[in-house]
Amino acid sequence: MNYTWRQAGLLAVLYLASVAANAFPLDTPSSTSALPATWQPPAPLVQVPLWPQGHAIARPPVTGPESVKTGAIIENVTRPTMTVVPPKGANTGTTVVVFPGGGFRVVAMEGEGTEVCDWLTSKGITCVLLKYRVPTSGPQWDGSCNCRREPTVHMALQDAQRAIRLLRQEASDLHIDPHKIGVIGFSAGGNMVADVSNAGEHSYASVDDADRLSARPDFAMALYPGRLWEGKGVVLNPTLHVTAKTPPTFLVQAEDDPVDDVRNSITYYLALKQSGIPVEMHLYATGGHAFGLRKKDQPIGVWPELAEKWMKSISMLPHG
């Protein structure tokens, strides 16, 4: 494979030694004029390409080059990557792949990305931040027709599956447990969580030996997910097929969410329960949408603590 995994692993070790217990450096520019051309993780972390150099992958209908806006909002992603952030302190061996939201139009790499990694790595979890292809790489609501539109190629799902497979292949070098790889996603990223939890193994043609490995996560966390509810009663999106292979799942949403109706979480919860999948759901009266980890002074702000307890309850984190 054309990957610099060993170099990335060395950089990760150097990064861990340098930051110790410090927070993940946020990448918010001080002004619009200071914006870099594209998003980059803080040095010495590196982005690892998901697909081999020269390998043809589906290209979103971009209108310009990849660029980043204030708040680390990335648009026009045609070459997806992942950034491996090592844990601070004792390594639990657990890994969580983060799917930021953005409506499958952009990727919100800060409030639903680097800040999430900051929390996870402080708990001894390796965080993997996914920069997936956008726009129109997943299911969207089209206001022009007031209807749901499915992409011809589910590029976001392909990128999510590829990332999980690569992590399992390189588990030894990355010092992670290949049987403790979970996912967490927000809004559109929450849809990706459900998608990768329930999809078949063949969303793309095999590229190399990594694609012989399972792409299904060992556990899943979805916050204010979208496009899981059909839009009537509690009918699940017909593109999702929950089976006995769906991993244990943790759901969080606010009842006053103005973007993704709370019935997205409720409907998915009921589908998981019907199939006998272990699931825990937390609904809050208020909190809105896109709260991430930023509403610590409100009841909904305790969800990270509940998620940690849940991960312990399913043996993905050590007790104590």
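The structure contained in this document is the topic of the report that follows. All of these numbers come straight from a predicted model, not from anything done at the bench.

## So, the packing of aromatic side chains
All told, the structure shown has 8 aromatic pairs when counted by the stated rule. With centroids separated by 5.3 Å and ring planes inclined at 75 degrees, the aromatic side chains of W119 and W303 adopt a geometry described as edge-to-face. Of this pair, W119 sits in helix α2 (residues 110–121) while W303 is found in helix α7 (residues 303–313), placing the two residues 184 residues apart along the sequence. Each member of the pair, W119 as well as W303, is classed as buried. These aromatic residues form a ring-pair network of at least three members: W119, F186, Y224, F291 and W303.

## Looking at the environment of K69
Locating K69 in the fold gives a position in strand β2 (residues 67–69). Separated by 39 residues in the primary sequence, K69 and A108 have C-alpha atoms spaced 9.6 Å apart.

## So, the sheet that holds β2
One open sheet holds the 3 strands; their spatial order is β2-β3-β6, and the pairing between them is antiparallel. Taken across any chain shown, the strands that pair with only one partner, and hence form the sheet edges, are β2 and β6 (106–108). When strand polarity is set aside, the average angle formed by the axes of neighbouring strands in this sheet is 25 degrees. Sheet topology note: the strand β3 (residues 73–75)/β6 ladder contains 3 bridges and is antiparallel. Of the residues in β6, the one forming a bridge with E75 is V106.

## Concerning the pairing of strand β7 (residues 126–131)
Successive side chains on a regular strand alternate, one facing one side of the sheet and the next facing the other. Among the 6 residues in β7, 6 count as buried, and that is most of the element. Here β7 shows a buried face lined by T126, V128 and L130 and a second buried face lined by C127, L129 and K131. As defined by bridge partners, strand β4 (residues 81–85) adjoins β7 across 5 bridges and the pair is classed as antiparallel. The partner of M82 across the bridge, within β7, is L130. Of the strand pairs in this sheet, strand β5 (residues 95–99) and β7 are connected by 4 bridges, and their pairing is parallel. Directly across from T95, in β7, lies its bridge partner T126.

## Section: the sheet that holds β7
Across the sheet, 8 strands lie side by side as β1-β4-β7-β5-β10-β11-β12-β13; this open sheet has mixed pairing. Edge positions in the sheet fall to β1 (47–49) and β13 (279–284), since each of these pairs with one other strand and no more. Along the sheet, successive strands turn relative to each other by an average axial angle of 20 degrees, direction set aside. Against the sheet, helix α5 (residues 188–198) touches β5, β7, β10 (181–186) and β11 (219–223), its axis set at about 145 degrees to β10. Across the sheet, α7 touches β10, β11, β12 (249–254) and β13, and the angle it forms with β11 is around 165 degrees.

## Looking at the state of the cysteines
Applying the stated rule across the entire model yields 1 disulfide. Two residues, C117 and C127, share a disulfide whose sulfurs are 2.0 Å apart. Given an S-S torsion of about -60 degrees, the disulfide between C117 and C127 has left-handed geometry. In this pair, C117 is assigned in helix α2 and C127 in strand β7, connecting sequence segments 10 residues apart. Across the pair, C127 and C117 agree in class, each one buried.

## Focus: unusual backbone geometry
Omega for the peptide link from A43 to P44 comes to 5 degrees, which places this bond in the cis form. When you line up the elements, P44 lands in the loop between α1 (5–19) and β1. The amide bond that connects V134 to the next residue, P135, takes the cis arrangement and shows omega of 5 degrees. Looking at the element boundaries, P135 is found in the loop between β7 and β8 (140–142). Positive phi values are uncommon outside glycine, yet T136 reaches one of about 50 degrees. Along the chain, T136 falls in the loop between β7 and β8. A residue is classified by how much of its surface remains accessible, and T136, at 31% relative accessible area, is partly exposed.

## Quick look at the environment of W119
Given the relative accessible area of 7%, W119 is considered buried. As for W119 and P87, which are separated by 32 residues in sequence, their C-alpha atoms are 9.8 Å apart. If near-sequence neighbours (up to four positions away) are discounted, W119 is found in contact with I184, L293, W303, P304, A307, E308 and M311.

About the cut-offs
- Per chain, residue numbering runs from 1 following the sequence as it is written.
- Per-residue local features are limited, in this predicted model, to residues with pLDDT of at least 70; the limit for side-chain atom pairs, both in listing and counting, is 80 or more; totals at the level of whole chains, interfaces and linings are taken over all residues.
- For side-chain calculations, the full set of non-hydrogen atoms in the structure is used, while hydrogens and water are omitted.
- Working definition: a ring pair exists when centres of Phe, Tyr or Trp rings (six-membered ring for Trp) sit within 6.5 Å. Plane angles under 30 degrees give stacked, over 60 give edge-to-face, the rest tilted.
- Elements are defined by DSSP. Helices are runs of H or I of four residues or more, strands are runs of E of two residues or more, and each kind is numbered from the N terminus.
- Here's how the labels work: a residue is buried when its accessible area is under 20% of the maximum for its type, exposed when over 50%, partly exposed in between, all with a 1.4 Å probe on protein chains only.
- Pairing between strands requires that DSSP locate at least two bridges from one strand to the other.
- Orientation is described by lines fitted to C-alpha atoms, with helices fitted over the stretch in contact, and by angles between N-to-C directions that extend from 0 to 180 degrees.
- We call two residues in contact when some of their heavy atoms are within 4.5 Å.
- For this text, the term disulfide refers to a pair of cysteine sulfurs within 2.5 Å.

Honestly, it's all geometry; don't read function into it.
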